[in-house]
Amino acid sequence: MSRPSKKLAEYRAKRSFAKTSEPRGEQEDPRGGLYVIQKHDASRLHYDFRLELDGTLKSWVVTRGPSLDPSEKRLAVRVEDHPIEYADFEGTIPEGNYGAGTVIIWDLGSWEPIGDPHKGLKQGKLIFELRGERLKGRWALVRMRAKRDEKQRSEKRENWLLIKELDEHADREHDVLRLFTDSVKTGRDLASVAAGEAPKPARKR
């Protein structure tokens, strides 16, 4: 098993830490089943879905964000591992830098794999339980089979689908992205963070 520092090589190569306040990931800081979603207003608004495993955050870009409706299959593009400290990151990545734009912590909690997560990632079907503030219950990440022309364009790109499984937390009527637009950490929305406004008082849970 490779060390987290080696897994973060691609993450670090894409960033200039003299210009961005994103964490470099110097510390191996396992927190045990950490889960986070960051709402990211970059060139296109999306949601970064991250699960802690083996000392890093396995990461996917969910272009349309998660849905509580089991019939909705949301595209999730696998990207480079991020350092665990990234789960605390909220702020604005300056223009000219990779991923430039504003980031808020949209959901935070823990996750528990159903079965062997390493086998699930390798075989392309990862089933897990989320215990977040906004997303709960059983979910699945399922890797899509690449078409021949897609393989020729990009061998590295992995397209997955993020799917809510049918349980008591499934909801076909409400759009969770419209219900919650602020940060679970600071209570700020994207515009407030971009404007440099101070965090709001902690909410009662």
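Residues numbered from 1 in each chain as written. Predicted model: local features only at pLDDT ≥ 70, side-chain atom pairs only at ≥ 80, totals over all residues. Heavy atoms only, no water.

Looking at the pairing of strand β4 (residues 73-82)
For step 1, the next point in the chain: Where strand β3 (residues 56-62) and β4 come together, five bridges link them in antiparallel fashion. Residue Val61 lies in a different strand from β4, and its bridge partner there is Val77.
For step 2, the next point in the chain: Across six bridges, β4 lies against strand β9 (residues 158-164) in antiparallel orientation. Its bridge partner lying in β9, Arg78 is registered against Glu158. (Pairing = 2+ DSSP bridges. Helix = DSSP H or I, 4+ residues; strand = E, 2+ residues; numbered from the N terminus.)

Looking at the side chain of His46
For step 1, the next point in the chain: For His46, the location among the structural elements is in strand β2 (residues 45-53).
For step 2, the next point in the chain: For His46, a relative accessible area of 11% corresponds to the buried category.
For step 3, the next point in the chain: A distance of 3.1 Å separates the side chain of His46 from the side chain of Asp48, its partner in a polar contact.
For step 4, the next point in the chain: Leave out the neighbours within four places in its chain, and His46 touches Gln38, Lys39, His40, Val61, Val62 and Thr63. (Buried < 20%, exposed > 50% of the residue type's maximum accessible area, 1.4 Å probe, protein only. Polar contact = N/O pair within 3.5 Å; in protein donor to acceptor, adjacent residues only side chain to side chain. Contact = heavy atoms within 4.5 Å.)

As for the environment of Lys156
For step 1, the next point in the chain: Its place among the elements puts Lys156 in the loop between α4 (148-153) and β9.
For step 2, the next point in the chain: In sequence terms Lys156 and Val79 are 77 residues apart; their C-alpha atoms lie 9.2 Å from each other.

Some remarks on the side chain of Glu22
For step 1, the next point in the chain: Looking at the element boundaries, Glu22 is found in the loop between α2 (9-13) and β1 (34-41).
For step 2, the next point in the chain: Among the polar contacts made by the side chain of Glu22, one reaches the side chain of Thr20 at a distance of 2.8 Å.
For step 3, the next point in the chain: Side chain to side chain, Glu22 and Tyr86 meet in a polar contact 2.6 Å long.
For step 4, the next point in the chain: Apart from residues lying up to four places away in sequence, Glu22 is in contact with Tyr11, Arg15, Phe17, Tyr86, Phe89, Ile93 and Tyr98.

Points about the pattern of salt bridges
For step 1, the next point in the chain: Taken as a whole and assessed by the stated rule, the structure comprises 16 salt bridges.
For step 2, the next point in the chain: Two residues, Glu10 and Lys14, come together in a salt bridge whose shortest N-O distance is 3.4 Å.
For step 3, the next point in the chain: Note on Lys14: relative accessible area 31%, which makes it partly exposed.
For step 4, the next point in the chain: Two residues, Glu158 and Arg78, come together in a salt bridge whose shortest N-O distance is 3.8 Å. Taken together, the residues Glu158 in strand β9 and Arg78 in strand β4 connect sequence positions 80 residues apart.
For step 5, the next point in the chain: With a relative accessible area of 26%, Glu158 lands in the partly exposed category. (Salt bridge = Lys/Arg side-chain N within 4 Å of Asp/Glu carboxyl O.)

A short note on the packing of aromatic side chains
For step 1, the next point in the chain: Scanning all chains against the criterion turns up nine aromatic pairs.
For step 2, the next point in the chain: An angle of 40° between the planes, with centres 6.0 Å apart, marks the rings of Tyr11 and Phe17 as tilted.
For step 3, the next point in the chain: The class of Tyr11 is buried, set by a relative accessible area of 0%.
For step 4, the next point in the chain: When its relative accessible area of 23% is taken as the criterion, Phe17 is described as partly exposed.
For step 5, the next point in the chain: Taking NZ or CZ as reference, Arg134 lies 5.5 Å from the ring centre of Trp106, over its face. (Phe/Tyr/Trp six-rings, centres within 6.5 Å; stacked < 30°, edge-to-face > 60°. Lys NZ or Arg CZ within 6 Å of the ring centre and 35° of its normal.)

Details of the nonpolar core
It is characteristic of soluble globular proteins that their nonpolar side chains tend to be buried jointly.
For step 1, the next point in the chain: Judged by nonpolar contacts, the single largest core of 23 residues is most densely connected at Phe49, Leu51, Trp60, Phe128, Leu130, Leu135 and Leu141.
For step 2, the next point in the chain: Looking at this core, the elements that each hand over two or more residues are β1, β2, β3, β6 (101-113), β7 (125-132), β8 (136-143), β9 and α5 (176-179).
For step 3, the next point in the chain: In terms of residues, this core owes the most to one element, β2, which gives four residues.
For step 4, the next point in the chain: Beyond its immediate chain neighbours, meaning those up to four positions away, Leu51 contacts Leu34, Tyr35, Thr56, Leu57, Lys58, Trp60, Trp111, Leu126, Phe128, Leu130 and Leu141.
For step 5, the next point in the chain: Ranked by size, the runner-up nonpolar core spans 13 residues in total, among them Tyr11, Leu34, Leu57 and Ile84. (Core = buried A, V, L, I, M, F, W, Y, C linked by side-chain atoms within 4.5 Å.)

A look at the pairing of β2
For step 1, the next point in the chain: In terms of burial, β2 is a largely internal element, eight of the nine residues being buried.
For step 2, the next point in the chain: The pairing of β1 with β2 spans seven bridges and is antiparallel. Along β2, the bridge assignment pairs His40 with His46.
For step 3, the next point in the chain: The antiparallel hairpin formed by β1 and β2 contains three residues in its connecting segment.
For step 4, the next point in the chain: Note that β2 and β3 share seven bridges and pair antiparallel. Following the sheet pairing, Phe49 is matched in β3 by Trp60.
For step 5, the next point in the chain: Where β2 hands over to β3, the hairpin turn is made up of two residues, of which Asp54 adopts a positive phi near 55°.

Geometric values such as these leave the question of function open.
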